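Commentary on secondary and tertiary structure
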Amino acid sequence: VQLVESGGGLVQAGGSLRLSCAASGSTFSILAMAWYRQAPGKERELVATITSGGGSTHYADSVKGRFTISRDNAKNTMYLQMNSLKPEDTAVYYCNADILRSWGKTYDYWGQGTQVTVSS
């Protein structure tokens, strides 16, 4: 199973970006998913989470009201719509997923990360 992020880039403060995380591979079921981010010199932090059916979401206080997490289970894809971006949102954004494999065990998977840079 692979998780591949896309959609990062350079944007001015106040702008928007939409990140995507696509899962691929064989015989799996995606459970909860999340976005994390890591800024230079800082620890990785949780940005947002979403349950398997998409019915429940959670956000870090720093992004509430500006970011929206969503998923399309038919496409095995998760999204992060980021609006009103601030320079402090600059970081590498990582996709995370709990994935149930066909043999009945759940594993934690990470994407390779996508850079988001917000200029002031």
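Reading guide: rules and limits
- Positions within a chain are numbered from 1, following the residues in the order the chain's sequence is written.
- The model is predicted, so local features are restricted to residues of pLDDT at least 70 and side-chain atom pairs to those at 80 or more, both for listing and for counting; the totals for chains, interfaces and linings are taken over all residues.
- Where side-chain values are given, they derive from all heavy atoms of the structure, hydrogens and water being excluded.
- Note on exposure labels: buried denotes an accessible area under 20% of the residue type's maximum, exposed denotes more than 50%, and partly exposed covers the range between, all computed with a 1.4 Å probe on protein chains only.
- Note on conventions: DSSP H or I runs of at least 4 residues are helices, E runs of at least 2 residues are strands, and numbering of each starts at the N terminus.
- Pairing between two strands is assigned when DSSP locates at least 2 bridges connecting them.
- Salt bridges are counted wherever a side-chain nitrogen of Lys or Arg sits within 4 Å of a carboxyl oxygen of Asp or Glu.
- Buried Ala, Val, Leu, Ile, Met, Phe, Trp, Tyr and Cys residues form a nonpolar core when they are joined through side-chain atoms within 4.5 Å.
- By definition, residues are in contact when any of their heavy atoms lie within 4.5 Å.

Considering the pairing of strand 7 (residues 67–72)
- In strand 7, alternate side chains face the same way, and those of Phe67, Ile69 and Arg71 are buried while those of Thr68, Ser70 and Asp72 on the opposite face are not.
- Where strand 7 and strand 8 (residues 77–82) come together, six bridges link them in antiparallel fashion. Residue pairing for strand 8: Arg71 is matched across the bridge by Met78.
- Between strand 7 and the antiparallel strand that follows it, strand 8, lie four residues; Asn76 among them carries a positive phi value of about 50°.

Observations regarding the pattern of salt bridges
- Per the counting criterion, the structure on display carries four salt bridges.
- With a closest N to O distance of 2.6 Å, Arg37 and Glu45 form a salt bridge.
- In this structure Arg37 comes out as buried when scored by relative accessible area, which is 5%.
- Overall, the relative accessible area of 34% leaves Glu45 in the partly exposed class.
- Here the salt bridges do not stand alone but share partners, grouping Arg37, Glu45, Arg66 and Asp89 into one network.

A few points about the nonpolar core
- By size, the foremost hydrophobic cluster in this structure holds 31 residues, and its most contacted members are Trp35, Leu80, Met82 and Tyr93.
- Of all the secondary-structure elements, those providing two or more residues to this core are strand 3 (17–24), strand 4 (28–38), strand 5 (45–50), strand 7, strand 8, strand 9 (91–101) and strand 11 (114–119).
- Here the element with the most residues in this core is strand 9; it accounts for five residues.
- Leave out the neighbours within four places in its chain, and Leu80 touches Leu17, Arg18, Leu19, Trp35, Val47, Ala48, Phe67, Thr68, Ile69 and Tyr93.

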